[in-house]
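# Observations on chain architecture
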Amino acid sequence: MNKKIIAIILVLIVTVLLFVGYKAFLSPKGVEGQKLVTIHVINKNEDVDKTFEYNTDHNFLLELLEEKEEELGVTFEKYDFGTMVTGMLGYVADPNNQEYFHIYINGKDATTGPGEIPLTDGDTYTFELKNY
């Protein structure tokens with residue numbers, strides 16, 4: 001019985017250390033200070049192609065989207081793995097039609113959600129309605 005308890009405690013300790021290590025060394029770091037960024041929204045279904053520029057001191061894209069939620073007409077869906085953008089400019093992607101908003105950073109596919117995308121001065125963050 002004691003060996004099982006020790007094994008469980010060791011697994012918990014290792015898990016905590018791995019989580020702390022990820023947060024300290026591997027997770028994306030925000031860029032401090034004022035920056036000018038561009039939000040570009042493309043929705044061919046509604047013939048929308050709009051660009052917004054913002055001066056911000058936020059570190060991550062999600063923070064900016066939450067601040068400008070009303071102006072950008074952004075809707076979110078929160079999951080265990082993070083927050084997903086489900087709507088832009090009042091248009092909500094329909095999962096029944098296999099729609100979603102794809103995120104590009106300077107024309108390249110984003111590999112994470114908006115909560116882990118650091119804002120960088122001069123970058124363009126594009127949200128394009130796509131089908132999967």
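Now for a look at the structure at hand. (Residues numbered from 1 in each chain as written. Predicted model: local features only at pLDDT ≥ 70, side-chain atom pairs only at ≥ 80, totals over all residues. Heavy atoms only, no water.)

## Focus on the overall build of the chain
Secondary structure summary: the chain contains three helices and eight strands in total. Looking at the chain as a whole, 33% of its 132 residues are labelled buried. Counting only contacts in the chain whose residues sit at least 6 apart along the sequence, the fraction spanning at least 24 positions is 50%. With an accessible surface of roughly 8800 Å², the chain has 56% of that area assigned to carbon and sulfur atoms. (Helix = DSSP H or I, 4+ residues; strand = E, 2+ residues; numbered from the N terminus. Buried < 20%, exposed > 50% of the residue type's maximum accessible area, 1.4 Å probe, protein only. Contact = heavy atoms within 4.5 Å. Areas by Shrake-Rupley, 256 points an atom, 1.4 Å probe, with all protein chains shown as cover.)

## Focus: the sheet that holds strand β5 (residues 91-92)
Read across the open sheet, the three strands follow the order β3-β4-β5; overall the sheet is antiparallel. In this open sheet, the two edge strands, each paired with only one partner strand, are β3 (75-79) and β5. Pairing of strand β4 (residues 82-88) with β5 involves two bridges; the strand directions are antiparallel. Each bridged residue has a counterpart across the sheet, and for Gly 87 the counterpart in β5 is Val 92. (Pairing = 2+ DSSP bridges.)

## Looking at the layout of surface pockets
Approximately 320 Å³ is the volume attributed to the largest pocket. Thr 83, Met 84, Thr 112, Gly 113 and Pro 114 are the residues nearest the centre of the largest pocket, which is lined by 17 residues in total. For the lining of the largest pocket, the elements supplying multiple residues, two or more each, are β4 and β6 (99-105). Grouping the amino acids of the lining of the largest pocket by side-chain chemistry returns nine nonpolar, seven polar and one charged. (1 Å grid on protein atoms, 1.4 Å probe; cavity = no way out; pocket = protein on both sides within 12 Å on 5 of 7 lines; lining within 4 Å. Points joined across faces, edges and corners; volume = space filled by probe spheres on them. Nonpolar A, V, L, I, M, F, W, Y, C, P; charged D, E, K, R; others polar.)

## A short note on the sheet that holds β6
Taking strand neighbours across the sheet as the criterion, the five strands line up as β2-β1-β8-β6-β7 in an open arrangement whose pairing is mixed. The open sheet is flanked by β2 (48-56) and β7 (108-109), the only strands paired with a single partner. Here β6 pairs with strand β8 (residues 124-131) via seven bridges, running antiparallel. Along β8, the bridge assignment pairs His 102 with Glu 128.

## Focus: the nonpolar core
Judged by nonpolar contacts, the single largest core of 22 residues is most densely connected at Ile 39, Leu 61, Leu 65, Met 88, Tyr 125 and Phe 127. Contributions of two or more residues to this core are made by β1 (35-43), β2, α2 (61-67), β4, β6 and β8. Setting aside residues no more than four positions away along its own chain, Leu 65 makes contact with Ile 39, Leu 72, Val 74, Phe 76, Val 85, Pro 114 and Phe 127. (Core = buried A, V, L, I, M, F, W, Y, C linked by side-chain atoms within 4.5 Å.)

## Here we look at the pattern of salt bridges
Inspection of the entire model under this criterion finds three salt bridges. Here Lys 44 makes a salt bridge to Glu 128, at a shortest N to O gap of 3.9 Å. Note that Lys 44 is positioned in the loop between β1 and β2 and Glu 128 in strand β8, a separation of 84 residues in sequence. Exposure remark for Lys 44: the relative accessible area of 68% places this residue in the exposed category. Given a relative accessible area of 13%, Glu 128 falls into the buried group. (Salt bridge = Lys/Arg side-chain N within 4 Å of Asp/Glu carboxyl O.)

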